[in-house]
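# Coordinate analysis (summary)
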Amino acid sequence: LLTAACLTLRQHRRRAAPSAARTGLHGYVARAAASSPAFELDASFGTLEDTRQLVQARGWPNDRSLPVRDFLHRQRHWLVDACAPVVFDVRSPIEFDAGHTPGAINLPLLTNDQRETVGKTFRHDGPNSAFSLAIQQVYPNLAHMLWQAVEVCDATSDGHVPRRHVLVYCKRGGMRSQSMATFLTSHGFEVYTLSGGYKAFRTWAMEELQRPQKVCVVAGATGSGKTEVLQALRQHPGRQVVDLEALACHKGSVFGHLGEQPQPTSEHFRNLLACEWAELDPERFVFLEDEGPRIGEVCLPAPTYSCIRAAHLVVHLDVPFAMRADRSLATYGPYGADALSESVERFRVSMGNQRTDELLRHLADGELRPVCEEALRNYDKIYEHHLRKNRNPDDIVAITVDTLDSAVVANAVETAAATRETLVSAESMDRAASADDGLAGGVGDLPCREALCHCGAVSIKTWGAPIFVSICHCSVCRRLSGAPFVASALFAPAHVELRGGGSGAEAAVLVETQTSPSVARRRCAACYSPVCATLGSRYLAVPLSLFGGGKEPLPSEWRPQHHLHYGMRVLDVEDGLPKYEGRVRGPMADGGQRATTGP
């Protein structure tokens, strides 16, 4: 029982700024690899069979299983001897790495390999065989897991009496978290679990991000000091600020990763953001920086990006070019020519080889300012379009900035916000939730098309032209449609609206199938017609077949532009379109052409 497996407790610094409790873990992690003290297990866990029966009993009391809001509240406010509880995520490390509740520590019941083996056993031999295998793998490490839990609690007690109050969750709030909670309770811990597990937390997070909220966007070209202004606004009593770039561990430009921790996954970024969003007063402005759909490699949640584009106040910082260059040099210059050269290489796509090589020569000669100024000019080309795209000009207020003092600029931003804040309601910010304002991101002037599912219970509206129109040959699309391929039109989520097909404004009733970690396919709950698919947080695809049955033909923008996953095809298609082996812009399939026009 006392054989120590490799310590899998994970100090996951890349997911959030380390707290005092988490930074204290380094010392005992090093000691853990050397020795594992013997812990005597409670008699109820004395044998494998005793443990099996105890876990199968599933006797965890309901009053110790908390809904998400109560769980998060207890995480912050359940103080024992001035110490908050430790939160244990008992999922496997690979699940934890993808995303977890902010502040949680990984105490896995199963390693990644063990989880994969148990999953295969479940699929092939059924739940009973999978349970037997799991309990056989977990039982020899129980004493070691108990020691890990004690070490975490002792190391994070900050000199107080060692804490023994903890919160535990797993994927769905089932056997993993309940069995760990029972095990820890039997050994002197006071434990609460998360009802519904991490899946319930993810649902709560998306609901929070979709909640109406007044937003004031701080905009400005690269080097305008927007982040510094947000930091100064934090010092103003009563002002709400969410620093998206701090949560994403990236400053936004090609140099934005310098000096930052590795970025979180998009999923974990959403978790961090939702916890901050939940604390906001919806009737007061929250100040956000003007962002695109991505910050580095992190994708903004669709509701957040739509909220930024639909903001009723955008304060544009009009900063002189020389001042922006000075600020950028002060921010990125200290990282040196080598680090900057790696980032400059990314300009080859937009600037070409000749100009990029010239910038690299400047860096080699120690001439940083020409590089900085050229980078700013490159970003300035697209900034003006980004600022005004799908926004009401009346919602953009320009402030002339002639100082590097961010506190002075913050005062000007706050003055502009104060005159508008009382005139804007939080509900009016929720463009996608209103039948009249359902055009999130200011798309009311774009052409609208509407289609119905087979039974008419679901209405699908789109605004504007699709981003892409693709013909997909992947095995999932084929199995779900029964056809050799499926044609879909991709839109930004803010340009698509799903509602009930009746005369009212009721919500559409859908069923959802998660076919991959980033793809969820939705069908009408009545007739099971496919109506859309979410592709991460950036795109939403609608079936082209739903829109092709009208009296008038679809415009040329709706014609298919390429084939995807053509390497998985079941029949050849001769139409002159580009045919990609897998995803768009990837390797071409055999016989595929890089055509630029339709048939």
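One structure accompanies this document, and this report is about it. (Residues numbered from 1 in each chain as written. Predicted model: local features only at pLDDT ≥ 70, side-chain atom pairs only at ≥ 80, totals over all residues. Heavy atoms only, no water.)

## A word on the packing of aromatic side chains
We describe a pair of aromatic rings using the distance from one ring centre to the other and the angle between the two ring planes. Counting across every chain of the model gives 11 aromatic pairs. Both rings, one in Tyr169 and one in Tyr198, keep their centres 6.5 Å apart while their planes meet at 20°; by these two values the pair is stacked. Remark: Tyr198 occurs in helix H10 (residues 197–209) and Tyr169 occurs in strand S4 (residues 165–169); sequence separation between them is 29 residues. We classify Tyr169 as buried; its relative accessible area is 0%. Geometrically, the ring pair formed by Phe255 and Tyr332 is tilted, given 5.6 Å between the ring centres and 40° between the ring planes. Here Tyr332 lies in helix H15 (residues 321–332) and Phe255 lies in the loop between helix H12 (244–248) and helix H13 (266–277), a separation of 77 residues in the sequence. Of the two residues, Phe255 and Tyr332, neither departs from the other in class, the shared state being buried. (Phe/Tyr/Trp six-rings, centres within 6.5 Å; stacked < 30°, edge-to-face > 60°. Helix = DSSP H or I, 4+ residues; strand = E, 2+ residues; numbered from the N terminus. Buried < 20%, exposed > 50% of the residue type's maximum accessible area, 1.4 Å probe, protein only.)

## With respect to unusual backbone geometry
The phi torsion at Asp81 lies on the positive side, around 55°, for a residue other than glycine. As for its placement among the helices and strands, Asp81 is situated in the loop between helix H4 (68–77) and strand S2 (86–89). Its relative accessible area of 45% is what places Asp81 among the partly exposed residues.

## Here we look at the side chain of Glu245
As for its placement among the helices and strands, Glu245 is situated in helix H12. Buried charge without a salt bridge: Glu245, with Lys226 as the nearest opposite-charge side chain at an N-O distance of 6.2 Å. (Lys, Arg positive; Asp, Glu negative; His and termini not counted. Salt bridge = Lys/Arg side-chain N within 4 Å of Asp/Glu carboxyl O.)

## A few points about the sheet that holds strand S17 (residues 496–500)
Taken in spatial order, the 3 strands of this open sheet run S13-S14-S17, and their pairing is antiparallel. Of all the strands in the sheet, the pair left with one neighbour each is strand S13 (448–452) and S17. Within this sheet the neighbouring strands show an average axis-to-axis angle of 20°, counted without direction. (Pairing = 2+ DSSP bridges. Axes fitted to C-alpha atoms, helices over the stretch in contact; angles between N-to-C directions.)

## As for the pattern of salt bridges
Pairs can form between side chains of opposite charge once their charged atoms are near each other. Applying the stated criterion to the full structure yields 32 salt bridges. With its nearest N and O atoms 3.4 Å apart, the salt bridge here joins Glu49 to Arg52. Taken as a pair, Glu49 and Arg52 lie in helix H3 (residues 48–57) at a separation of 3 residues, close to a single helical turn. Accessibility expressed as a relative area gives 15% for Arg52, which makes it buried. A salt bridge links Glu414 to Arg239; the nearest nitrogen and oxygen atoms lie 3.0 Å apart.

## Points about a nonpolar patch on the surface
A cluster of nonpolar side chains, namely Phe485, Val570 and Leu571, defines an oily patch on the protein surface of about 240 Å² accessible area. Judged by its relative accessible area of 37%, Leu571 falls in the partly exposed class. (Patch = residues over 30% accessible without salt bridge, like charges linked within 9 Å, V, L, I, M, F, W, Y side chains within 5 Å. Areas by Shrake-Rupley, 256 points an atom, 1.4 Å probe, with all protein chains shown as cover.)

## Section: the environment of Ala407
Its place among the elements puts Ala407 in helix H20 (residues 406–421). On the basis of relative accessibility, which here comes to 39%, the residue Ala407 falls in the partly exposed class.

## Some remarks on the pairing of S4
Taken across its 5 residues, S4 has 5 buried, putting it largely inside the fold. Burial of the side chains of S4 extends over both faces: His165, Leu167 and Tyr169 are buried on one face and Val166 and Val168 on the other. Bridging between S2 and S4 involves 4 bridges; their strand directions are parallel. The residue of S4 that forms the bridge with Val87 is Leu167. Note that S4 and strand S5 (residues 190–194) share 4 bridges and pair parallel. Among the inter-strand pairings, Val166 is bridged to a residue of S5, identified as Val191. Read from S4 through helix H9 (residues 175–185) to S5, the crossover connection turns out right-handed. (Right-handed = clockwise from strand over helix to strand, strands pointing away.)

Keep in mind these numbers describe shape, not what the thing actually does.
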